[in-house]
Amino acid sequence: MLAVTGLSFRYARDRAVLNNISFDLPQGEALALLGPNGTGKTTLMRCLLGLLKPGGGRVDLLGHDVLRLSARQRARMMAYVPQSSALTFPYDVLEVVMMGRLPHLGFGASPSREDRLEVEKALAVMDVAHLAGRLFQRLSGGEKQLVVIARALAQKARLLVLDEPTANLDFFNQTRTLKIMRSLTRQGQTILWTTHSPDQALLVADRLVMMKDGLVYARGRPEEVITGDNLSALYGLSAVVAETPVVSAGKPVKVCVPLMDEPEKERDGR
Amino acid sequence: MRFSGASPRSSPQKKRDGAFFSRLAVLYSGALICALLSLGIGRYSLPPGLIADIFLSKINLVEPYWDKTLETVVLNVRLPRIGLAILVGGALSVSGASYQTLFKNPMVSPAILGVSAGAGFGAALAMIHNAPWWQIQLSAFIFGLAAVLAAYLIAWTFGRQELTAMILAGVIISSLFGALLSILKLLADTDSALPSIVFWLMGSLGRGSNRDVLVMLPSLVISLGLLFLFRHQINALSAGEDEAATLGVNVSLIKPVVVLAATLMTVVSVSICGIVGWVGLVVPHLSRMLAGAGYPRLMAVSFGLGGLGLLLMDDLVRALPGAELPLGVMTSLVGAPVFVLLLSRVRKGWL
């Protein structure tokens, strides 16, 4: 579905932000990108989305080189949910979600009956149909997030890319977003998202890519890759991953905890 | 995917559409009625019946029973002036709505990229050479376009045609042409050229002719056509360039198209009637109250409301006794308090 091969990127003359990044994401799985601030996650995501042109390597989406696709073709295959979406003008929720139909509109055409139906479906899937007539600006952060995910669903794209989807949300809305992401993957949606929370990656991800200083530090199944040692090395601190006695879906629930009294370690490469 | 399906027939979308189209119909029929009534306003006050007869006589349905000058007044003075008021008001408003949506900025007006300052300089340059009226208009047109081109090129040197850089470049260019205009004013003959320059800068439809309408129409049709074709893409740009790109918008194509179309409409308007401020800033905001922020509908309402608004302003100018107040002065007098009212209603979204 998505194949990233040897991807490199540097801003003019700076040191490389991304260095030889490779990973695959098969259809119907959720991949989490985990890594410290400034490690190149956002740059990687912008390369995937075709917003930045990588210096080397390639990104293939459904067998097509992302850079060779038009913006419209890309938008039909891949939808993006930004960390926070701000609209200056008083758009209502219907108008925002309808923007997701843009890559399906004919040249110069208005939204059809089918487009309207897709918008209503997306609103229903996200359980925000009651917000349809409300102004987007006036929604809470959690509601905005749901609406923007609905917009992405209306795009009917095979791959959903989310940038720290839980960053600005409270505990309830974080959980709700994670549940939605999980149920979407169960229905066959492929998801790639960035996160700062190893716990959330353990809960939802099928695959994990750990990034550090523009390199892939580790990748694999979350329960294999998210270990105390890896987290400690990744963030330059002491952390443990503990199994709790709580069992959910047949497996013990794991939590990641930093050890507060241990000294911070030297972070590699800094 | 399961969903509890509301059929589109009963959907809130349909209901909202109905409300919008009835508002649009009221707006445009209101504008049409005002336009017809406006034919009677002015030094010679004419009853609607006479005006109708004058039109009917043109298709030989009525024998003329009136003074020939009245016919000239109606058909060659008032008709083009009314037509221009509607076209210029509509053009400036759609131009303002487009720039505001593109720049995601409610304070942006059609003059943002320096078009008015450039056109003002161009007109003044022709006036101090005692050029005929059409050369003054042509010079305003050329320098208006040159100013926007210069602003665009300055922004280009910053790299990715950053929107903030474009606004800054517009400010720089406006200030530069403002300074050059001041030099021309200093040099201008204080008896002839200077008063014409000052009067031109205050805007007026008083010299509008049927030829002006014919000159304006093609560029207006092209600009509105382009904006209409790309209306949904422009709409998505209000979410920012990156988000628009991920929604399938070819940003590097749409941005210059919007700038080109909005500039063309503005520069033609300014060349024909001088600088008429506030319309392109205020009308888009009023239109959002009627149609919401979505660009496709905003465009349709802005044109009608802008046309109707400028027509009423010009009617006021023509109806008030004494010497004619310049149109630009009238729009500022009315626009400023309206904008204050608007600000008090929507300030939460902006500040």
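Note that the coordinates shown come from a computational prediction; the quantities given were computed from them, not determined experimentally.

K.L.:
Before we go on, may I ask you to explain the overall build of chain B in this structure?
P.N.:
Along its length, chain B carries 14 helices and 0 strands. Each helix (α) and strand (β) of chain B, taken in turn from the N terminus, gives the series α-α-α-α-α-α-α-α-α-α-α-α-α-α. Along the longest, intermediate and shortest principal axes, the C-alpha atoms of chain B span 75 × 55 × 35 Å. If you take every contact in chain B between residues at least 6 apart in sequence, the share linking residues at least 24 apart comes to 74%. Total accessible area on chain B is roughly 15700 Å²; 70% of this is exposed by carbon and sulfur atoms. When the 24 basic and 15 acidic side-chain charges of chain B are each reduced to a single mean position, those positions are 13 Å apart.

K.L.:
Is there a simple way to think about the interface of chain A and chain B in this case?
P.N.:
Note on interface size: it is often stated as the accessible area lost on association of the parts. Opposite the 43 residues of chain A that make contact, chain B presents 40 residues. Across the chain A-chain B interface, the total number found is 3 salt bridges. Among the salt bridges present, the one from Arg151(A) reaches Glu243(B), with a minimum N-O distance of 2.7 Å. Listing elements by their share of the side of chain A that touches chain B, those giving two or more residues are α2 (71-77), β6 (78-81), α3 (93-98) and α4 (113-125) of chain A. For the side of chain A that touches chain B, the leading source of residues is α4(A), giving 8 residues. Residues of the side of chain A that touches chain B, tallied by class, amount to 25 nonpolar, 9 polar and 9 charged.

K.L.:
Quick question: what am I supposed to make of the sheet that holds strand β9 (residues 207-212) of chain A here?
P.N.:
The strands making up a sheet are joined through hydrogen bonds of the backbone, oriented either antiparallel or parallel. Residue and element names in this part refer to chain A. If you walk across this open sheet you meet the 6 strands as β6-β7-β8-β3-β9-β10, and the pairing is mixed. For this open sheet the edge positions go to β6 and β10 (215-220), each flanked by a neighbour on one side alone. Shown here is a sheet whose adjacent strand axes are inclined to one another by a mean of 15°, direction ignored. Here β6 pairs with strand β7 (residues 159-163) via 4 bridges, running parallel. The residue of β7 that forms the bridge with Tyr80 is Val161. Helix α1 (residues 41-48) rests against β3 (30-34), β6, β7, β8 (190-195) and β9 of the sheet, and its axis sits at about 155° to β8. Docked against the sheet, helix α9 (residues 228-235) engages β3, β9 and β10, running at close to 35° with respect to β9.

K.L.:
It is not clear to me how the sheet that holds strand β2 (residues 18-25) of chain A should be interpreted in this structure. Could you clarify?
P.N.:
Residue and element names in this part refer to chain A. Read from one edge of the open sheet, 4 strands run β2-β1-β4-β5, paired in antiparallel fashion. Among the strands making up the open sheet, the edge pair consists of β2 and β5 (64-65). Sheet topology places strand β4 (residues 56-61) next to β5; 2 bridges connect them, and they run antiparallel. Directly across from Leu61, in β5, lies its bridge partner His64. Seen against the sheet, α1 touches β1 (2-9), β2 and β4 and runs at an angle of roughly 120° to β1.

K.L.:
How do you make sense of empty space enclosed by the protein when you look at a structure like this?
P.N.:
Rolled over the atoms, a probe as big as a water molecule pinpoints where empty space is left. Under the definition given, this model contains 2 cavities of 30 Å³ or more. Roughly 40 Å³ of volume is contained in the second largest cavity. In this structure, the second largest cavity is lined by Leu49(A), Arg74(A), Ala75(A), Met78(A), Ala245(B) and Thr246(B). Contributing elements (two or more residues each) for the lining of the second largest cavity: α2 of chain A together with α10 (241-246) of chain B. Among the residues making up the lining of the second largest cavity, the classes are represented as 4 nonpolar, 1 polar and 1 charged.

K.L.:
Please explain the nonpolar core as it appears in this structure.
P.N.:
It is characteristic of soluble globular proteins that their nonpolar side chains tend to be buried jointly. In terms of nonpolar packing, the biggest core is built from 160 residues, with Val97(A), Trp193(A), Met210(A), Phe103(B), Trp200(B), Met216(B) and Leu227(B) touching the most fellow members. The leading source of residues in this core is helix α3 (residues 68-103) of chain B, at 14 residues. Two domains each donate at least three residues to this core, and these are domain 1 (2-226) and domain 2 (227-270) of chain A. In this view, Leu227(B) contacts Val94(B), Ser98(B), Ile234(B), Val258(B), Ala261(B), Met265(B), Tyr295(B) and Met299(B); residues no more than four positions away in its chain are not counted.

Calculation criteria
- Residues numbered from 1 in each chain as written.
- Chains lettered and ligands numbered in written order.
- Predicted model: local features only at pLDDT ≥ 70, side-chain atom pairs only at ≥ 80, totals over all residues.
- Heavy atoms only, no water.
- Helix = DSSP H or I, 4+ residues; strand = E, 2+ residues; numbered from the N terminus.
- Contact = heavy atoms within 4.5 Å.
- Areas by Shrake-Rupley, 256 points an atom, 1.4 Å probe, with all protein chains shown as cover.
- Lys, Arg positive; Asp, Glu negative; His and termini not counted.
- Charge placed at Lys NZ, Arg CZ, Asp CG, Glu CD.
- Salt bridge = Lys/Arg side-chain N within 4 Å of Asp/Glu carboxyl O.
- Nonpolar A, V, L, I, M, F, W, Y, C, P; charged D, E, K, R; others polar.
- Pairing = 2+ DSSP bridges.
- Axes fitted to C-alpha atoms, helices over the stretch in contact; angles between N-to-C directions.
- 1 Å grid on protein atoms, 1.4 Å probe; cavity = no way out; pocket = protein on both sides within 12 Å on 5 of 7 lines; lining within 4 Å.
- Points joined across faces, edges and corners; volume = space filled by probe spheres on them.
- Core = buried A, V, L, I, M, F, W, Y, C linked by side-chain atoms within 4.5 Å.
- Buried < 20%, exposed > 50% of the residue type's maximum accessible area, 1.4 Å probe, protein only.
- Domains from an automatic or database assignment.

Keep in mind these values describe shape, not function.
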